[in-house]
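# Topology and contacts: notes
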Amino acid sequence: MDAILKPADEKAPRRAPHEIARPSREQAEAAVRTLLAYIGEDPEREGLLDTPKRVVKSYAELYSGYAEDPKAHLERTFEDVGGYEDMIMVRGIPFHSHCEHHMLPFIGKAYIAYYPSGGVVGLSKLARVVDIYANRLQTQENLTSQIVSSIDEHLAPRGIALMLEAEHQCMTMRGVQKAGVSTITTQFTGVFQDDPAEQARFMTFIRGGDR
Ligand SMILES: Nc1nc2c(ncn2[C@@H]2O[C@H](COP(=O)(O)OP(=O)(O)OP(=O)(O)O)[C@@H](O)[C@H]2O)c(=O)[nH]1
Ligand SMILES: [Zn+2]
């Protein structure tokens, strides 16, 4: 257990989840008490007695994505769609994630489009995939590429376009303190990657409902 409580060698290769010993809930709660004392609080005062328990419980929701597999949501496709094969966009999916540098939230919207090939997925499933990856520690770039890779792997559409726009609280509440700044990331595969006109169409769809 000591190994996980000490800082890791920065150059160590990335370990698989099963190689990392998981602390108990009690150890996680004790770590929260340590942080409370570190910021100058008294972890024993009445208002804070249940806080470690609540924080650890909230982590089960905020970081639920580690225990979920997007495949479960993307493997069921529908083919009876009247031969529809044009772009499908799910526009403005709200998400919240946490940056892996500060463990502070970044909050924004995802815009996903794809050209189907042989089948479509339930629309909600795309939002579920966003949540699975957002409910992990992330960089916005990683989140973008993981969502795209997973849709590509399980659905193999003719093309995928994804744009994320988010505000990072680590830039708003602390550090450089720039409120109202958003970060945009995009990734294109297939027809979107090959044809700039498709990227332009994607951008037009994104603006569509705001006119
Ligand atoms: N590329 C990228 N950077 C991010 C993301 N989330 C946070 N960051 C940045 O990660 C960087 C970490 O920089 P460091 O210098 O190691 O940390 P820091 O001293 O806390 O930096 P400041 O935020 O500038 O105070 C900061 O520039 C953050 O803005 C992200 O999703 N993608
Ligand atoms: Zn950050």
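For clarity, every value in this text was computed on a predicted model and none was experimentally measured.

Taken together, Cys 99, His 101, His 102, Thr 139, Gln 140, Glu 141, His 168, Cys 170, Met 171, Arg 174 and Gly 175 make up the full set of residues near ligand 1. Contact distances for ligand 1 include 2.6 Å between an oxygen atom and a backbone N or O atom of Gln 140. One of the side-chain N or O atoms of Glu 141 is found 2.7 Å from a nitrogen atom in ligand 1. Of the residues that constitute the shell around ligand 1, the class distribution is three nonpolar, six polar and two charged.

Further remarks concern the packing of aromatic side chains. Under the defined criterion, the tally for this structure stands at six aromatic pairs. Taking 5.1 Å as the distance between ring centres and 85 degrees as the angle between the ring planes, the aromatic pair formed by Tyr 59 and Tyr 63 counts as edge-to-face. What links up through ring pairs into an aromatic cluster is the set Tyr 115, Phe 188, Phe 192 and Phe 202.

Turning next to the sheet that holds strand S5 (residues 137-138). Taken together, five strands build an open sheet; the order of strands is S5-S2-S3-S6-S7 and the sheet is mixed. Either end of the sheet is taken by a strand with one partner, and the two such strands are S5 and strand S7 (183-188). Packed onto the sheet, helix H9 (residues 196-208) meets strand S2 (88-99), strand S3 (105-115), strand S6 (159-168) and S7 and runs at close to 80 degrees relative to S2.

For the rest of this paragraph, the subject is the UniProt feature "domain: GTP cyclohydrolase I" (unreviewed entry) in the protein. Cross-referencing UniProt, the feature "domain: GTP cyclohydrolase I" (unreviewed entry) maps to residues 29-206 in the present numbering. Here residues 29-206 is 42% helix and 25% strand, with 43 Å between the C-alpha atoms at its ends.

Between helix H5 (residues 123-134) and helix H6 (residues 140-155), the shortest axis-to-axis distance is 10 Å and the interhelical angle comes to 135 degrees. The pairing of H5 with H6 is recorded here as oblique in orientation. For the crossing formed where H5 meets H6, the hand is right-handed. In contact with Leu 126, Val 129, Val 130, Tyr 133 and Ala 134 of H5, H6 contributes Leu 143, Gln 146, Ile 147, Ser 150 and Ile 151. Classifying every residue of the contact of H5 with H6 gives eight nonpolar, two polar and no charged.

Each value, and the rule that gives it
- Counting from 1, residues in each chain are numbered in the order their sequence is written.
- Key to labels: chains lettered from A, ligands numbered from 1, both in the order written.
- Two thresholds apply to this predicted model, a pLDDT of at least 70 for residue-level local features and 80 or more for giving and counting side-chain atom pairs, whereas whole-chain, interface and lining totals are computed over all residues.
- In computing side-chain values, all of the structure's heavy atoms are included and hydrogens and water are not.
- Consider each residue's heavy atoms; a residue with any of them within 4 Å of a molecule or strand counts as near.
- Polar contact criterion, stated in full: a pair of N or O atoms within 3.5 Å, where within protein one must be able to donate a hydrogen and the other to accept it, and residues adjacent in sequence count only if both atoms are side-chain atoms.
- In this classification, the charged set is Asp, Glu, Lys and Arg, the nonpolar set is Ala, Val, Leu, Ile, Met, Phe, Trp, Tyr, Cys and Pro, and all remaining amino acids, among them Gly, are polar.
- Geometry of aromatic contacts follows a simple scheme: Phe, Tyr and Trp rings, the Trp one being its six-membered ring, pair when their centres are within 6.5 Å, and the pair is stacked under 30 degrees between planes, edge-to-face over 60, tilted otherwise.
- A pair of strands is considered paired only if DSSP assigns at least 2 bridges between the two.
- Under the DSSP-based scheme used, a helix requires at least four consecutive residues in state H or I and a strand at least two consecutive residues in state E, with every element numbered from the N terminus.
- Contacts between residues were defined by any pair of non-hydrogen atoms, one from each residue, lying within 4.5 Å.
- Structural elements are reduced to axes, namely lines fitted to C-alpha atoms, with helices fitted over the stretch in contact, and the angle between N-to-C directions of any two is expressed from 0 to 180 degrees.
- UniProt positions are given in the numbering used here, feature names are shortened, and annotations may be inferred rather than shown by experiment.
- Our angle categories are set so that under 35 degrees counts as roughly parallel, over 145 as roughly antiparallel, 65 to 115 as roughly perpendicular, and the remainder as oblique.
- Handedness of a crossing follows from how the near helix is turned relative to the far one, being left-handed for an anticlockwise turn of less than a right angle and right-handed for a clockwise one.

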